[in-house]
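A structural walkthrough
Spelled out from the first residue to the last, the chains are:
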Amino acid sequence: QVQLVESGGGLVQAGESLRLSCAASGDIAVIDTWGWYRQAPGKQRELVAHLHNSGATDYVGAVKGRFSISRGSAENTLYLQMNTLKPEDTAVYYCYGWAALPGMDDGFDFWGRGTQVTVSS
């Protein structure tokens, strides 16, 4: 029902900034929680940030104060502003959407294919 396509990744020096974008298409109205995850080489995928339709946000501790998640005014674009990047931020970053099942604490996950972010020291 939902297709997510990331863009904006690249190679940057430590201390620089990037803004990732996620273009959403399909039935995006079903999405209750938007997010970004990342996966570094040899590691499991981890949560970076969540944005709930209530406006509440969640961030992994390692990026608090540096990253911010937001949606564009058209509501079909999700952003991840990444400031003061560190080499340990190097990973493939994935756009994420979660559609809740009514009346249940469960739902469907949607994933983009990822965009590479590489931060050199």
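Residues numbered from 1 in each chain as written. Predicted model: local features only at pLDDT ≥ 70, side-chain atom pairs only at ≥ 80, totals over all residues. Heavy atoms only, no water.

Turning our eyes to something else, we now look at the overall build of the protein chain. Scanning the protein chain from terminus to terminus reveals 0 helices and 11 strands. Counted from the first residue to the last, the protein chain has its helices and strands arranged as β-β-β-β-β-β-β-β-β-β-β. In terms of overall dimensions, the protein chain is globule-like: its C-alpha atoms have a radius of gyration of 14 Å, near the 14 Å expected for 121 residues. Structurally, the protein chain occupies a C-alpha span of about 45 × 25 × 25 Å along its principal axes. Across the 121 residues of the protein chain, 39% fall into the buried class. Within the protein chain, contacts between residues at least 6 apart in sequence are counted, and of these 54% link residues at least 24 apart. (Helix = DSSP H or I, 4+ residues; strand = E, 2+ residues; numbered from the N terminus. Rg over C-alpha atoms; globule rule 2.2 N^0.38 Å. Buried < 20%, exposed > 50% of the residue type's maximum accessible area, 1.4 Å probe, protein only. Contact = heavy atoms within 4.5 Å.)

Time to look at the state of the cysteines. Within the structure shown, the criterion is met by 1 disulfide. Covalently, Cys22 is tied to Cys95 through a disulfide, its sulfur atoms 2.0 Å apart. Between Cys22 and Cys95, the S-S torsion sits near -85 degrees, and that sign places the bridge as left-handed. On the criterion of sequence distance, the pair formed by Cys22 in strand 3 (residues 18-26) and Cys95 in strand 9 (residues 91-100) is long-range, its members being 73 residues apart. As far as the burial class goes, Cys22 and Cys95 line up, both buried. (Disulfide = S-S within 2.5 Å.)

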